[in-house]
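# Structural description and commentary
Spelled out from the first residue to the last, the chains are:
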Amino acid sequence: MRAVFLTAFALFAALPAVAQDPEREVLPEQRQRLAFIAPSGLATLGSGKMVFSAFHVATGQELWVTDGSNAGTSLLKDIRPGFRGSFPAGQVAFKGHVYTTATDGASGLELWRTDGTAAGTTQVIDLRPGEEGAMPNELTVFRDALYFVADDGQTGFQVWKTTGDAKSTTRVSAVDAGPRALTRQLTAAGPRLFFTATTRTHGHELWVTDGTPEHTRLVKDIRPGIEDAGIQNLTAVGNDLYFTAHDGEHGAELWKSDGTAHGTQLVKDLRPGAAPSRPTHLAALGRTLYFSADDGVHGIELWKTDGTAKGTTLVKDIRPGPSGAVSSAIAVMGGKLYFAATDGVSGAELWRSDGTAAGTVRVKDIAPGAENGSPARFAVIGTRLWFAANGGGGRGVEPWTSDGTPAGTRAVADLAAGERHAMPLGFRALGDAVLFVADDGHGNDRLWSYRKDGKDGRVTLIGDPLKARLR
């Protein structure tokens, strides 16, 4: 609680005159104009602004906008007036606007868009009139339109597209249309948009579209019959799609598709027989796909493929033996791969690879010794890699950055002092700054900005400071 009552009162008076949740205990500091928490879905507008969703005790979860400074940060629009919030989620930038899913309280969760102003924040279409809402999700830019999955109340969850207004919003798919229809995992690969969908005849399988209903079709029934193929990890490499699937014979293995039934094939049975190698962490570097998998001999290690069985090879057995090494997603920067791995001596640390055994090396032992640095939540911004890591020695998980060299790999700040974890995520570039979300040390996820300051840099809080956890 602030010591100076008049200051707190003045800040409270500046807020919109809205009702407060009667079941929530609110401290004066939480009524400050910029005392928002839980920012998520940071999406950049071309005007040098970032749109995001955040919670404030006066307005609930709503859209906010920032230029990276406190003066340029504000509630964008109280879409659903009052403390309940409109729950915007899934923000995606498309042609000068940021699109999101939100509810105004009259309509359910529907598609909205904003140009960064209150007047320019409007509902695109009410696909399912009434309080239930169409619940748009999987917002994906493909060719000249924004595609998404939504339920209009009649055909179930199908693929839709829009160019930004109600007139241009049309349904693309009609996969087993009915209340139980389900499509998901929209992934663009060259001239095609792949997705997975469920039918009563084939189970959940791979589908493709060029954006028109007449050219939306099942690619292949990978696991014949009504059982699902368990398709996951859809990743584009040029015009081709790689993914993992279970055909009922080989276990979960790596597959590839060019959008045709004939061109949809198992790449290689890395772990022969019914046991799965479970490829994961798929990442494209040029025309090569990299991934981690367990062939039953080497444990979870780094692999690569050119799409052929012969061209699918182990990059390096980082941790010799069956225990395995790779433990994180794979990021691509400057023609190299970055990921967390352990060699069995050091813990899980930052490694890089150029795709060869000799060129697969540890970058830095972030948490010295057997302790795990556990780098994760990678984001590539310019020529630097941003991530969360545990610096060891009781320092907790904080923001780190790397240029790919030991000397250029360093902690950015200790936001949650001591052993507490800041758990940063969502690193995004905004002008000359890097914005991200992290715990303030009091249990509140807040928005932070990093800017270069001479040789080093400084991290500042975007918003009003809080001394207690907002519950």
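Residues numbered from 1 in each chain as written. Predicted model: local features only at pLDDT ≥ 70, side-chain atom pairs only at ≥ 80, totals over all residues. Heavy atoms only, no water.

Looking at an unreviewed UniProt entry, the chain carries the name Hyalin, with the source organism given as Variovorax boronicumulans.

Counting secondary structure elements, the chain contains one helix and 36 strands. Against the globule reference of 23 Å for 471 residues, the chain gives a C-alpha radius of gyration of 24 Å, in line with a compact fold. Judged by the C-alpha coordinates and their principal axes, the chain covers about 75 × 60 × 35 Å. The buried share of the chain, reckoned over its 471 residues, is 51%. Accessible area of the chain: about 20,100 Å², with a carbon and sulfur share of 53%. For the chain, the centre of its 49 positive side-chain charges and the centre of its 52 negative side-chain charges are spaced 4 Å apart. (Helix = DSSP H or I, 4+ residues; strand = E, 2+ residues; numbered from the N terminus. Rg over C-alpha atoms; globule rule 2.2 N^0.38 Å. Buried < 20%, exposed > 50% of the residue type's maximum accessible area, 1.4 Å probe, protein only. Areas by Shrake-Rupley, 256 points an atom, 1.4 Å probe, with all protein chains shown as cover. Lys, Arg positive; Asp, Glu negative; His and termini not counted. Charge placed at Lys NZ, Arg CZ, Asp CG, Glu CD.)

Here we come to the sheet that holds strand β24 (residues 313-316). Here we have four strands laid out as an open sheet, ordered β21-β22-β23-β24, and antiparallel in their pairing. The open sheet has two edge strands with one neighbour each: β21 (280-285) and β24. In this sheet, neighbouring strand axes are inclined to one another by 35° on average, regardless of whether the strands run parallel or antiparallel. One ladder, built from three bridges, connects strand β23 (residues 300-305) with β24; its direction is antiparallel. Its bridge partner lying in β24, Leu302 is registered against Lys316. (Pairing = 2+ DSSP bridges. Axes fitted to C-alpha atoms, helices over the stretch in contact; angles between N-to-C directions.)

For the structure shown, the criterion picks out nine aromatic pairs. Among the aromatic side chains, those forming a connected cluster through ring pairs are Trp386, Phe427, Phe436 and Tyr450. Geometry around Phe36 places Arg446 over its ring, the cationic atom sitting 5.8 Å from the centre. (Phe/Tyr/Trp six-rings, centres within 6.5 Å; stacked < 30°, edge-to-face > 60°. Lys NZ or Arg CZ within 6 Å of the ring centre and 35° of its normal.)

For Thr121, the position within the fold is in the loop between β7 (110-114) and β8 (122-125). In this structure the side chain of Thr121 is engaged in a polar contact, spanning 2.7 Å, whose partner is the side chain of Thr114. Among residues more than four places away in sequence, those in contact with Thr121 are Leu63, Leu76, Lys77, Ile79, Trp112, Arg113 and Thr114. (Polar contact = N/O pair within 3.5 Å; in protein donor to acceptor, adjacent residues only side chain to side chain. Contact = heavy atoms within 4.5 Å.)

It is worth spelling out the environment of Lys95 at this point. Assignment of secondary structure puts Lys95 in the loop between β5 (89-94) and β6 (97-102). Relative accessible area serves as the criterion here: at 59%, Lys95 is assigned to the exposed category. Along the sequence, Lys95 and Val141 sit 46 residues apart, while their C-alpha atoms lie 9.7 Å from each other.

Throughout the structure, instances matching the rule amount to eight salt bridges. For Asp176, the salt bridge identified is with Arg200, shortest N-O distance 2.7 Å. Remark: Arg200 occurs in the loop between β14 (192-199) and β15 (203-209) and Asp176 occurs in the loop between β12 (170-171) and β13 (183-189); sequence separation between them is 24 residues. For Arg200, a relative accessible area of 66% corresponds to the exposed category. The closest approach of N and O atoms between Asp294 and Arg271, which form a salt bridge, is 3.7 Å. On the criterion of sequence distance, the pair formed by Asp294 in strand β22 (residues 288-294) and Arg271 in the loop between β20 (265-268) and β21 is long-range, its members being 23 residues apart. One salt-bridge network, in which partners are shared between bridges, spans Arg128, Glu132 and Asp151. (Salt bridge = Lys/Arg side-chain N within 4 Å of Asp/Glu carboxyl O.)

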